[in-house]
Amino acid sequence: MEEKKDVLILGIESSCDETAAAVVRNGREVRSNIISSQIDLHKLYGGVVPEIASRKHIEKINQVIKEALSEAGTTLDEIDAIGVTYGPGLVGALLVGVAEAKAIAWAKDIPLVGVHHIEGHISANYIEHPDLEPPFVCLVASGGHTHLVIVKDYGEFEIIGRTMDDAAGEAFDKVARAVGYPGGPKVDKAAKEGNPHAMEFPRAKVGGSQYDFSFSGMKSAVLNYINQAEMKGETICVPDLCASFQNAVVDVLVSRAVAATKEFGYKKLAIAGGVASNSALRAGMKAACEKAGIEFYYPSPIFCTDNAAMIGAAGYYEYINGVRAGWDLNAVPNLKLGER
């Protein structure tokens, strides 16, 4: 069957604390991208509360989808397929998006495509880079994931490095409790006023695997530094602390991603995920790629954090590859990249 010239995908994302819907045309053009964030609700608790997140998704999801369709100037009758995140993420939060997508797909007789959340993050790069096509290497760094991935083709991945403990974003968030939640942006902001070499924090290497990551020791070293200073009654220079910690994380991410890209013989390197919006990571990666003769790609910050446009982009490539989900599609909180 020949595909229509234009394919419109309705993307739905609800894996954590953002309720999001988007309409994406041909995998690259974002017609709308609506995000309802719950950050202020969860601030009270110092982190995301799964039960509250799920309830808020239920309240917001219909409204967000209506807004996405309206802004795109389209209706469900013109949508070719629905792409929905079904994992990984918080199980209750994922279930809201999956149930909504199945209900619409059944009621309107529209094909349903289950999308892997990390594949969505990688696909965010396609939105703003019309020239970017596989194969390339992608570093995915977020609150829940740190993966170094070879994108062999659309929907085809090989993981060559992953974190053995904390994700990079998780380390940022834990350290950032000293400067306020949500962590990443506050650390980035504070670090701009600090000296990145004021303190030296450890850069762990994982035995037997040069492209795996470990951030637990680095995080513990920072927290120990804070505790010891407080016990001695010493004042901590927060900008210096943030800059030094951020420098250590960026150093590890950049050095391993660039080394892997060179060793595996690729000429293109992309970054994705919430941590990819960090200004020091973007600057460090850009400089290292220029030096190594590697083309560097990164999404705008709005497409780094959780959003549905990236799900619509990934959903498009799965859809044209013939991937379809059945009515038994379920939330898979620990879904691995490349699994179905």
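On a predicted model such as this, the values are computed, not experimentally measured, just so you know.

Q: Would you take a moment to explain helix 11 (residues 309-320) for this structure?
A: Since one α-helical turn is 3.6 residues long, residues separated by three or four positions face the same way. For helix 11, built from 12 residues, the straight-helix expectation of 16 Å at 1.5 Å per residue is met to within 8% by its first-to-last C-alpha distance of 17 Å. In terms of burial, helix 11 is largely enclosed, as 11 of its 12 residues are buried. If you check which residues of helix 11 are buried, you get Ala 309, Met 310, Ile 311, Gly 312, Ala 313, Ala 314, Gly 315, Tyr 316, Tyr 317, Glu 318 and Tyr 319. Count one or two residues on from helix 11 and you reach Gly 322, which has phi positive near 90°.

Q: Is there a simple way to explain the packing of helix 7 (residues 216-232) against helix 8 (residues 238-263) in this structure?
A: Axes are the key here: two packed helices are described by the angle between their axes and the distance separating the axes. Packing of helix 7 against helix 8 leaves a shortest axis separation of 11 Å and a crossing angle of 170°. Taken as axis vectors, helix 7 and helix 8 run roughly antiparallel relative to one another. For the pair formed by helix 7 and helix 8, the contact residues are Met 218, Val 222, Tyr 225 and Ile 226 on the first element and Leu 241, Phe 245, Ala 248, Val 249 and Val 252 on the second. Class assignment of the residues belonging to the contact of helix 7 with helix 8 gives a composition of 9 nonpolar, no polar and no charged.

Q: Could you clarify how one ought to interpret the sheet that holds strand 7 (residues 146-153) in this entry?
A: Spatial strand order, 8-7-6-9-10: 5 strands in an open sheet with mixed pairing. What marks the edges here is a single partner per strand, and that holds for strand 8 (156-162) and strand 10 (295-297). Looking at each pair of strands side by side, their axes are set apart by 25° on average, direction ignored. The sheet strands contacting helix 4 (residues 117-128) are strand 6 (136-141), strand 7, strand 8, strand 9 (268-272) and strand 10, and the helix crosses strand 6 at an angle near 120°.

Q: Sorry, what's going on with the state of the cysteines here?
A: By definition, a disulfide links two cysteine residues through a covalent bond between their sulfur atoms. Following the criterion strictly, the structure yields 0 disulfides and no others. Cys 242 supplies the cysteine sulfur nearest to Cys 237, a cysteine that is in no disulfide, at a spacing of 9.0 Å. Residue Cys 242 is classed as buried on the basis of its relative accessible area of 2%.

Q: Would you explain the packing of aromatic side chains in this entry?
A: According to the stated counting rule, one finds 10 aromatic pairs in the structure shown. When the centroid spacing of 3.9 Å and the interplanar angle of 0° are considered together, the rings of Tyr 154 and Tyr 317 count as stacked. Of this pair, Tyr 154 sits in the loop between strand 7 and strand 8 while Tyr 317 sits in helix 11, and the two are 163 residues apart along the sequence. You'll find Tyr 154 and Tyr 317 in the same group, each marked buried. Between Phe 213 and Phe 215 the ring centres are 6.0 Å apart and the planes differ by 10°, which places this aromatic pair in the stacked class. On the accessibility criterion, Phe 213 (0% relative accessible area) is buried. Taking relative accessible area as the criterion, Phe 215 reaches 0% and is therefore assigned buried. Among the aromatic side chains, those forming a connected cluster through ring pairs are Tyr 126, Phe 136, Tyr 154, Tyr 316 and Tyr 317.

Q: Would you mind going over the nonpolar core with me for this structure?
A: The nonpolar side chains of a soluble globular protein tend to be buried with one another. One finds Leu 148, Phe 215, Phe 245, Leu 253 and Met 285 to be the most contacted residues of the largest nonpolar core, which totals 46 residues. Elements supplying a minimum of two residues to this core: strand 6, strand 7, helix 5 (168-175), helix 6 (183-191), helix 7, helix 8, strand 9 and helix 9 (279-292). Broken down by element, this core gets its largest block of residues, 13 residues, from helix 8. The residues touching Leu 148, leaving out its near neighbours within four places in the chain, are Val 137, Cys 138, Leu 139, Glu 158, Ile 159, Ile 160, Gly 161, Tyr 211, Phe 213, Arg 256, Ala 257 and Ala 260. Ranked by size, the runner-up nonpolar core spans 36 residues in total, among them Val 113, Ala 124, Phe 303 and Ile 311.

Q: Explanation requested: the pattern of salt bridges in the structure shown.
A: Opposite charge on two side chains permits them to pair, given that their charged atoms come into close proximity. Taken as a whole and assessed by the stated rule, the structure comprises 11 salt bridges. With its nearest N and O atoms 2.8 Å apart, the salt bridge here joins Asp 166 to Lys 219. Of this pair, Asp 166 sits in the loop between strand 8 and helix 5 while Lys 219 sits in helix 7; the two residues are 53 residues apart in sequence, bridging distant segments of the chain. Accessibility assignment for this pair places Asp 166 and Lys 219 in one class, buried.

Q: Where do I start with the packing of helix 8 against helix 9 in this structure?
A: At a minimum axis distance of 9 Å, the contact between helix 8 and helix 9 shows a crossing angle of 35°. Crossing geometry of helix 8 relative to helix 9 is assigned as right-handed. Of the residues in helix 9, those touching helix 8 at Gln 246, Val 250, Leu 253, Val 254, Ala 257, Val 258 and Lys 262 are Ala 280, Leu 281, Gly 284, Met 285, Ala 288, Cys 289 and Ala 292. Its residues placed into classes, the contact of helix 8 with helix 9 shows 11 nonpolar, 2 polar and 1 charged.

Q: Where do I start with the sheet that holds strand 5 (residues 112-116) in this structure?
A: Paired through backbone hydrogen bonds, the strands of a sheet run either parallel or antiparallel to each other. Taking strand neighbours across the sheet as the criterion, the 5 strands line up as 3-2-1-4-5 in an open arrangement whose pairing is mixed. Strands at the two margins of the open sheet, each flanked by one partner only, are strand 3 (29-37) and strand 5. Taking each pair of neighbouring strands and ignoring which way they run, the sheet shows an average axis angle of 20°. As judged from the 4 bridges shared by strand 1 (residues 8-13) and strand 4 (residues 81-87), these two strands associate in the parallel manner. Following the sheet pairing, Ile 9 is matched in strand 4 by Ala 81. In the packing of helix 4 onto the sheet, contacts are made with strand 1, strand 3, strand 4 and strand 5, and the angle to strand 5 comes to roughly 95°.

Each value, and the rule that gives it
Residues numbered from 1 in each chain as written. Predicted model: local features only at pLDDT ≥ 70, side-chain atom pairs only at ≥ 80, totals over all residues. Heavy atoms only, no water. Helix = DSSP H or I, 4+ residues; strand = E, 2+ residues; numbered from the N terminus. Expected span 1.5 Å × (residues − 1). Buried < 20%, exposed > 50% of the residue type's maximum accessible area, 1.4 Å probe, protein only. Axes fitted to C-alpha atoms, helices over the stretch in contact; angles between N-to-C directions. Parallel < 35°, antiparallel > 145°, perpendicular 65-115°, else oblique. Contact = heavy atoms within 4.5 Å. Nonpolar A, V, L, I, M, F, W, Y, C, P; charged D, E, K, R; others polar. Pairing = 2+ DSSP bridges. Disulfide = S-S within 2.5 Å. Phe/Tyr/Trp six-rings, centres within 6.5 Å; stacked < 30°, edge-to-face > 60°. Core = buried A, V, L, I, M, F, W, Y, C linked by side-chain atoms within 4.5 Å. Salt bridge = Lys/Arg side-chain N within 4 Å of Asp/Glu carboxyl O. Left-handed = near helix turned anticlockwise from the far one by under 90°.

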